[in-house]
Amino acid sequence: MLLQNKNAVIYGGGGAIGGAVARAFAREGAKVFLAGRTFAKIDAVAKDISASGGVVETAQVDALDEQAVDNHADAVAAKTGSIDIALNAVGILHVQGPPFAEVPFEDYMHPITAYTRTNFLTAKAVARHMVKQGSGVILTLSTPGARLTGQGFLGNGVSSAAIEAFSRILAGELGASGIRVICLRPHAIPEAVATSHTREPFSGHATRAGSTVEDWLAGLARTGTLLKRLPTLAEVANFAAFVASDRASAMTGAIVNLTCGSLVD
Ligand SMILES: NC(=O)c1ccc[n+]([C@@H]2O[C@H](COP(=O)([O-])OP(=O)(O)OC[C@H]3O[C@@H](n4cnc5c(N)ncnc54)[C@H](OP(=O)(O)O)[C@@H]3O)[C@@H](O)[C@H]2O)c1
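What counts, and at which threshold
- Residues numbered from 1 in each chain as written.
- Predicted model: local features only at pLDDT ≥ 70, side-chain atom pairs only at ≥ 80, totals over all residues.
- Heavy atoms only, no water.
- Core = buried A, V, L, I, M, F, W, Y, C linked by side-chain atoms within 4.5 Å.
- Buried < 20%, exposed > 50% of the residue type's maximum accessible area, 1.4 Å probe, protein only.
- Helix = DSSP H or I, 4+ residues; strand = E, 2+ residues; numbered from the N terminus.
- Contact = heavy atoms within 4.5 Å.
- Near = heavy atom within 4 Å.
- Areas by Shrake-Rupley, 256 points an atom, 1.4 Å probe, with all protein chains shown as cover.
- Nonpolar A, V, L, I, M, F, W, Y, C, P; charged D, E, K, R; others polar.
- Axes fitted to C-alpha atoms, helices over the stretch in contact; angles between N-to-C directions.
- Parallel < 35°, antiparallel > 145°, perpendicular 65-115°, else oblique.
- Pairing = 2+ DSSP bridges.
- Right-handed = clockwise from strand over helix to strand, strands pointing away.
- Left-handed = near helix turned anticlockwise from the far one by under 90°.
- Expected span 1.5 Å × (residues − 1).
- Arc of directions from axis to C-beta.
- Polar contact = N/O pair within 3.5 Å; in protein donor to acceptor, adjacent residues only side chain to side chain.

A. Summary view of the nonpolar core. Ranked by size, the top nonpolar core spans 39 residues in total, and within it Ile10, Val21, Phe25, Val32, Leu34, Leu139 and Leu184 carry the most contacts. Looking at which element gives the most residues to this core, the answer is helix H1 (residues 16–27), with eight residues. Apart from residues no more than four positions distant in its own chain, Val21 is found in contact with Ile10, Leu87, Ala237 and Ala240. In terms of nonpolar packing, the next biggest core, distinct from the first, is built from 30 residues, Ile92, Ala123, Val126 and Met130 among them.

Written out as structure tokens, the structure is:
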């Protein structure tokens, strides 16, 4: 197993990507600590993991609240002795779709402020322990909006670019302490969009195009990717497990392109 004896904290662990990654980490032998806002969501993921023989704990944590995040990380580290892996899979509901001239400044800033805040707080909380250990892996999530140009996603694009820059620069801050920082950049994952907060911002684009979210996603796959499809949750979760493992021990400061060729490097 890739992650035997590793302790992993997943912020937003009740979400589509957070939950899928948590299940993959547990399958690979990690002890998983799910932190999320709505207890029922993290509890559902935890029940799945336990039913499959995995080891999991849950905690209701607001990942935008510095004290709550610090207290939780401290409690996990005190209990287990180490935090080996952390993933921020928190999703921030925001508006996409309206043309630039109609975007209120607050709507533009909301994803930028919230994503940069939660990624800073969670990375800092776990890094304090990882620096003492001399090892650790911090994973973040961005979107192709970081590198695309187009209409209706300015706030999302700038927040994604900020998360990527944050991850790259943090890798430099923490590398000498043996900590790897990697940002995963998946394209829209249809199974995730079906249940996640992303359905609402994507419906802004679909409505503008006179389409449904499903048809809009199918169009993205058909015309906007080299593989003519979008990634699956399993592909993203399995890659996260690999990149968090010692098999990827030479990799840090990377933005991992999981876009099925929507973007090329
Ligand atoms: N879905 C995709 O296709 C896709 C593709 C590329 C990148 N991403 C990125 O991946 C990340 C996760 O997306 P997702 O689709 O998995 O979203 P999701 O299913 O909506 O999950 C997000 C999770 O974050 C939790 N959360 C929100 N605010 C929180 C807070 N303040 N404290 C703690 N937990 C909080 C939510 O819990 P509550 O519901 O209780 O608030 C939810 O469980 C996002 O950054 C997204 O941009 C998603």
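B. Spotlight on the site of the ligand. Around the ligand lies a shell of 29 residues, among which Arg37, Thr38, Lys41, Ala63 and Ile189 are the nearest. Starting from 890 Å² of accessible surface for the ligand in isolation, the protein chains cover 93%. Here the shell around the ligand is built from residues that sort into 14 nonpolar, 12 polar and three charged.

C. Spatial organisation of the packing of helix H7 (residues 199–208) against helix H8 (residues 213–224). H8 packs onto H7 with a crossing angle of 80° between their chain directions and a minimal axis gap of 9 Å. Classified by the angle their axes make, H7 and H8 are roughly perpendicular. Two secondary-structure elements touch here, H7 through Arg199, Phe202, Ser203, His205 and Ala206 and H8 through Val213, Glu214, Trp216 and Leu217. Among the residues forming the contact of H7 with H8, the class breakdown is five nonpolar, two polar and two charged.

D. Region of interest: the pairing of strand S1 (residues 7–11). Within S1, five of the five residues are buried, which leaves it mostly tucked inside the rest of the structure. Across five bridges, S1 lies against strand S2 (residues 31–36) in parallel orientation. Among the inter-strand pairings, Tyr11 is bridged to a residue of S2, identified as Ala35. Since S1 and S2 lie parallel, the crossover through H1 that links them has a hand, and here it is right-handed. In this sheet, strand S4 (residues 85–88) lies alongside S1 in parallel orientation, the contact comprising four bridges.

E. Structural view of the packing of H1 against helix H2 (residues 39–51). Put simply, H1 and H2 touch, their axes get as near as 10 Å, and they point 25° apart. By the angle class used here, H1 and H2 are roughly parallel. Handedness of the crossing formed by H1 with H2: right-handed. Taking contact as the criterion, the partners of Gly19, Ala22, Arg23 and Ala26 in H1 are, on H2, Val45, Asp48 and Ile49. Taken together, the residues that form the contact of H1 with H2 break down as four nonpolar, one polar and two charged.

F. Summary view of helix H5 (residues 154–174). The terminal C-alpha atoms of H5, which comprises 21 residues, lie 30 Å apart, in line with the 30 Å expected from a rise of 1.5 Å per residue. Turning to H5, its buried residues number three or more, namely Gly155, Asn156, Gly157, Ser159, Ser160, Ile163, Glu164, Ser167, Leu170, Ala171 and Leu174. Contact partners of the buried residues in H5: helix H4 (105–133), strand S5 (136–141), strand S6 (179–186) and strand S7 (254–258).

G. Spatial organisation of helix H3 (residues 66–80). Here H3 is 15 residues long and its end C-alpha atoms lie 21 Å apart, about the 21 Å a rise of 1.5 Å per residue gives. Taken together, the buried positions of H3 are Val69, Asp70, His72, Ala73, Val76 and Ala77. The buried residues of H3 occupy an angular sector of 165° when projected down its axis, which confines them to one face. Those residues of H3 that are exposed and angled more than 90 degrees off the buried face are Ala78 and Lys79. If you follow the buried residues of H3, they end up packed against S1, S2, strand S3 (55–60) and H4. Of the residues that open H3, the one with a side-chain oxygen 3.1 Å from the backbone nitrogen of Gln67 is Asp65. Where H3 ends, the next residue or the one after it, Gly81, has phi of about 95°, a positive value.

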